[in-house]
Each structure stands twice: as C-alpha cells, then as structure tokens.
Amino acid sequence: CFSSRRRHTRYISVTGVQTCALPIYTTAAAALAPYMLMRKSLAEANERPQGSWRHLSAAMDSAVLDLAQPGRGLAAVALGGYGREQLCVHSDIDLMLLVASDSTTVPPIFRALWDGGLVVGHAVRTPPQAGQAASERTDTMCSLLDARLIGGDEALFEALLGSVEGALNSTDLR
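Bear in mind the structure is a predicted one, so any value in this text is a computation, not a measurement.

### Looking at the packing of helix H5 (residues 127–136) against helix H6 (residues 138–145)
Helix-helix packing: each pair is described by the crossing angle between the helix axes and the interaxial distance. One can describe the packing of H5 onto H6 by two numbers: an axis separation of 5 Å at closest approach and a directional angle of 125 degrees. What the angle tells us is that H5 and H6 run oblique. Between H5 and H6 the crossing geometry is left-handed. From H5, Ala-130, Ala-133, Ala-134 and Glu-136 reach across to H6, where they touch Thr-138, Thr-140, Met-141 and Leu-144. When grouped by side-chain class, the residues that make up the contact of H5 with H6 number 5 nonpolar, 2 polar and 1 charged.

Spelled out as structure tokens, the structure:
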C-alpha cells in the first residue's frame, strides 16, 4: 500500500482482489490535474488541434502511472480508444489492471478516477481470466485487441497477449 501509517489505509475486496485505499485524496487530484486541465481547455476551444487525442492519452498515462504505481506482479493496460491513444474530450477511460494472481494487492485507482468525475471502463484480471473473458464476449475481445501497456510487469502483458491470441484462434467468429 502507499501509506506506512495504518490509520490512513483501508482494505477492501473487489471481485476477490484485495485493494488498498489511497492514503490522501489530494494525491489523486494532483495526479489527475494535468489531464483534467487539458481536457477542460480542449472542451472550451472551438477547434481541436491535430493530435490532441495523443496528448490527452499521454496525460492520462501519467496519471495512471502516478496512481497505480505498477511494478512486478501488476501492469496497467489501456484498452479500446485509450489503448489506441485516441482519447477525446468526453471519452471514457478503458483501463485494466493486470495481476499475477487473485491475491495481488492493487491500488484503488478506479475510485480515484471516478472521484475525478471520469467515466471508467474497468477490470482487474489475470492473463488467463482476460483470455477467458475475451473468448466469451465479443466486446471484451475487441477492446483487448487494442491493448497497450502503460506501465508495470511486461511479462504479464506478454502473457495477456498470448491469452488473447489463444482466445482469438479458438473462437468461432462467424
């Protein structure tokens, strides 16, 4: 967890994965500030500069890295339009935290994004769980085809790509 002070940390469980609360909510606001300011200025502008979607994606990447602090056993993965680096002013943020096992402790990044007023498509999965979900749901498969590693465990991300490829090859797409 982020805090060594036990009184500032609460643990909750989301779909069997243990998460810990951010110790100070200003941390989330500070991490999201560059993205939120860029988004607001683009929303107020009459025209969109070419490539603004890439700048928005880069700003969100920075916030995700600050909030999730992915490392060994944890990877932050952008999906869908965010994975393609095509965030628009009112785009949702499709984000998956890829974990090594169901017992991996993950930061409560989704809550921080929701508290920031963002619409978040979210998942916390292991690579095999992601492959299984991709084989069961076409919308999940489509978003995983645009998966992009933001940061964290590259071996987990490679395992995800293998699981998605396996699901794609084994699924009847007629």
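And the narrative resumes.
### Considering helix H2 (residues 52–68)
Between its terminal C-alpha atoms H2 stretches 24 Å, which fits the 24 Å expected from 17 residues at 1.5 Å a residue. If you check which residues of H2 are buried, you get Ser-52, Leu-56, Ser-57, Ala-59, Met-60, Asp-61, Ala-63, Val-64, Leu-67 and Ala-68.

### Structural notes on the nonpolar core
Among the nonpolar cores identified, the biggest contains 31 residues, and Met-60, Tyr-82, Leu-97, Ile-109 and Leu-113 are the most heavily contacted of them. With 7 residues, H2 is the single largest residue contributor to this core. Counting residues in hydrophobic clusters, the runner-up holds 16 residues, among them Leu-98, Ala-130, Ala-134 and Met-141.

### Considerations on the confidence of the model for the protein
Low pLDDT means the predicted coordinates in that region are not meant to be read closely. Summing up the model confidence of the protein, the mean pLDDT is 81 and the portion of residues at 70 or higher is 83%. Contacts for the low-pLDDT stretch residues 1–25, under 50 throughout, to residues beyond four places or in other chains number 51 contacts.

### Thoughts on the environment of Ala-58
Relative to the elements of secondary structure, Ala-58 occurs in helix H2. For Ala-58, a relative accessible area of 44% puts it in the partly exposed group. Residues Ala-58 and Leu-87 lie 29 residues apart in sequence; the distance between their C-alpha atoms is 9.3 Å.

### What to know about H5
Within the span of H5, buried status applies to Pro-127, Ala-130, Gly-131, Ala-133 and Ala-134. Buried residues of H5 fall within an arc of 165 degrees about the axis and therefore sit on the same side. Exposed residues lying more than 90 degrees from the buried face of H5 are Pro-128 and Glu-136. On the buried face of H5, the contacting elements are strand S4 (93–99), strand S5 (120–125), H6 and helix H7 (154–170).

### Brief notes about the sheet that holds strand S3 (residues 74–78)
Sheet strands pair by backbone hydrogen bonding; their relative direction is either parallel or antiparallel. Strand order in this open sheet of 4 strands is S5-S4-S3-S6, and the pairing throughout is mixed. The open sheet has two free edges, formed respectively by S5 and strand S6 (148–152), since each of these has just one partner strand. Taken pair by pair, the neighbouring strands of this sheet meet at an average axis angle of 20 degrees, ignoring direction. Lying on the sheet, H2 is in contact with S3, S4 and S6; it crosses S6 at an angle near 35 degrees.

### Considering the pattern of salt bridges
One pass over the full model with this rule turns up 4 salt bridges. A salt bridge links Arg-84 to Asp-146; the shortest N-O distance between them is 2.6 Å. Pair noted here: Arg-84 is in the loop between helix H3 (80–83) and S4 and Asp-146 is in the loop between H6 and S6, with a separation of 62 residues, a long-range link. Of the residues examined, Arg-84 reaches a relative accessible area of 39% and is grouped as partly exposed. Note on Asp-146: relative accessible area 24%, which makes it partly exposed. Between Asp-115 and Arg-111 there is a salt bridge whose closest N-O contact spans 3.8 Å. Of this pair, Asp-115 and Arg-111 both sit in helix H4 (residues 109–115), 4 residues apart, which is roughly one turn of the helix. Residue Asp-115 is classed as exposed on the basis of its relative accessible area, which comes to 52%. The class for Arg-111 is partly exposed, based on a relative accessible area of 38%.

What counts, and at which threshold
- Residues numbered from 1 in each chain as written.
- Predicted model: local features only at pLDDT ≥ 70, side-chain atom pairs only at ≥ 80, totals over all residues.
- Heavy atoms only, no water.
- Axes fitted to C-alpha atoms, helices over the stretch in contact; angles between N-to-C directions.
- Helix = DSSP H or I, 4+ residues; strand = E, 2+ residues; numbered from the N terminus.
- Parallel < 35°, antiparallel > 145°, perpendicular 65-115°, else oblique.
- Left-handed = near helix turned anticlockwise from the far one by under 90°.
- Contact = heavy atoms within 4.5 Å.
- Nonpolar A, V, L, I, M, F, W, Y, C, P; charged D, E, K, R; others polar.
- Expected span 1.5 Å × (residues − 1).
- Buried < 20%, exposed > 50% of the residue type's maximum accessible area, 1.4 Å probe, protein only.
- Core = buried A, V, L, I, M, F, W, Y, C linked by side-chain atoms within 4.5 Å.
- pLDDT = per-residue confidence, 0-100.
- Arc of directions from axis to C-beta.
- Pairing = 2+ DSSP bridges.
- Salt bridge = Lys/Arg side-chain N within 4 Å of Asp/Glu carboxyl O.

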